[in-house]
Amino acid sequence: MDRKIEKKAWYIRHKFTVAGGILFCVLIGWVMSVVLSPRKLRVDKESVRLAEVKRERFLEYVGVEGIVHPILILKVFSREGGVVERIVAENGAMLQQGDTILVLDNPDLVQLVEEQQEEWERQRAGYEEKRIEMEQKSLSLRQQVLQTRYELDRLEKSYRLTKEEYGMGIKSRAQLELAEDEYTYKRETALLQMENLAHDSVASLIRQDLLKGEPQREYRKFMRTRSRLEELIVRAPIDGQLSFVQAIPGQRISPNEGVGEIKVLSEYKITTTVSEYYVDRILAGLPATLIYQGKNYPLRVSKVIPEVKERTFSTELVFTEEMPENIRIGQSFRIQIEMGDAGEELVIPKGNFYPVTGGQWIYKVNSAGQKR
């Protein structure tokens, strides 16, 4: 016998689908509530450090490590070439300006000096001979002029006497004219000799100046060459410490070759490397402070090398007042480079939160430590 089958309700037929939809909606609601609800973190109160945020005097600076260097390092060069004869100063010696470092030997230069000295003496002897010849010639001309003047005076007297005798009728007119012609000739001759003497005197002075210039030029040339002998002694150009001597006895040194190095220790400078983050803010003239054994020593940024290498750039600082006692080259110190004037700012004590958050945020609580 057939039995009538009753049709089931839709929620019964689709019970699994309905149940899945309800679970999905519950899951979505739970996720939304987690996302949108305030987050909470429960920590042990004893592990939390609390500090007061307040307005105080704040100075922005960057802390770096600096290395001590001499204020100046000079390289020592040999101006003349030669063979190292002996080394006088030892490495690390304290020298004064002009102290001998090493001595060179250059036989070729010594021979050149001797040859130029001989040439100068030869030029000087030749000048003296020519000067004496010109003086003798001038003396001879003067003697001739003196003789001519004597003859002229004698003829003038003879002419006057002949003229008087002609007036008395003792001498003839022909004798008078002969005496007059002879007197006129001698007078003209004397004038020419005097003019010649004047020209010769001027020419002699000019020739003497020209001849004198040759030995003088040779003498200056000789003195310049002889002064090169002094350059065979390599001396300290400034007060300081001789770092090293780059030469050994018997070694041949070329002109203008480096033979050593001197460190000026009257003052010191501090070199540092700073992160490239501050390359636009670190400028020459900024104040800085060196902290050593609880005491501050003021510095000043003297030089900034803006070239960035390995994400850092270099700076140099110099002391503006006193320096630490017993400071040594290569010694390291902690340096604070100031990047602005001090002012009243909202100051947060430094804590462990900074490395974690980068200083972007911190937790804020009330005085009871309960409210966020």
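Structure's up top.
The structure presented is a predicted model; accordingly, all values stated were derived computationally and were not measured.

Whenever I open this one, the overall build of the protein chain confuses me. Can you help?
Regarding its fold elements, the protein chain presents five helices and 14 strands. In the protein chain, which comprises 372 residues, the share counted as buried stands at 25%. In the protein chain, the proportion of contacts linking residues at least 24 apart, taken out of those at least 6 apart, comes to 76%. As displayed, the protein chain has an accessible area near 27,600 Å², and 52% of this comes from carbon and sulfur atoms.

Even after reading the chapter, I still don't get the packing of aromatic side chains, so can you show me in this structure?
For any pair of aromatic rings, the description consists of the separation of the ring centres together with the inter-plane angle of the planes. A full pass over the atoms with the stated rule returns four aromatic pairs. Ring centres 4.9 Å apart and planes at 45° place the aromatic pair Trp120 and Tyr219 in the tilted group. Placement of the pair is Trp120 in helix α3 (residues 107-168) and Tyr219 in helix α4 (residues 173-230), with a sequence separation of 99 residues. Residue classification places Trp120 among the buried positions, given a relative accessible area of 14%. Arranged with centres 5.0 Å apart and planes meeting at 85°, the rings of Tyr277 and Tyr278 form a pair that is edge-to-face. Through a chain of ring-to-ring contacts, the aromatic side chains of Trp120, Tyr219 and Phe222 assemble into a single cluster. Geometry around Trp120 places Arg124 over its ring, the cationic atom sitting 4.6 Å from the centre.

Explanation requested: a positive patch on the surface in the structure shown.
On the surface, Arg217, Arg220, Lys221 and Arg224 cluster together into a positively charged patch. Tracing the chain through its elements places Arg220 in helix α4. Of the residues examined, Arg220 reaches a relative accessible area of 43% and is grouped as partly exposed.

In this structure, what is going on with the sheet that holds strand β5 (residues 100-105)? I would like to understand it.
Working definition: the strands of a sheet are paired by backbone hydrogen bonds and lie parallel or antiparallel to each other. With antiparallel pairing, the four strands of this open sheet are ordered in space as β6-β5-β3-β8. The sheet is open, and its two edges are formed by β6 (233-235) and β8 (252-253), each paired on a single side. The sheet contact formed by strand β3 (residues 82-87) and β5 spans four bridges and is antiparallel. When the bridges of β5 are listed, Ile87 appears paired with Leu102.

Reading the values: rules and limits
Residues numbered from 1 in each chain as written. Predicted model: local features only at pLDDT ≥ 70, side-chain atom pairs only at ≥ 80, totals over all residues. Heavy atoms only, no water. Helix = DSSP H or I, 4+ residues; strand = E, 2+ residues; numbered from the N terminus. Buried < 20%, exposed > 50% of the residue type's maximum accessible area, 1.4 Å probe, protein only. Contact = heavy atoms within 4.5 Å. Areas by Shrake-Rupley, 256 points an atom, 1.4 Å probe, with all protein chains shown as cover. Phe/Tyr/Trp six-rings, centres within 6.5 Å; stacked < 30°, edge-to-face > 60°. Lys NZ or Arg CZ within 6 Å of the ring centre and 35° of its normal. Patch = residues over 30% accessible without salt bridge, like charges linked within 9 Å, V, L, I, M, F, W, Y side chains within 5 Å. Salt bridge = Lys/Arg side-chain N within 4 Å of Asp/Glu carboxyl O. Lys, Arg positive; Asp, Glu negative; His and termini not counted. Charge placed at Lys NZ, Arg CZ, Asp CG, Glu CD. Pairing = 2+ DSSP bridges.

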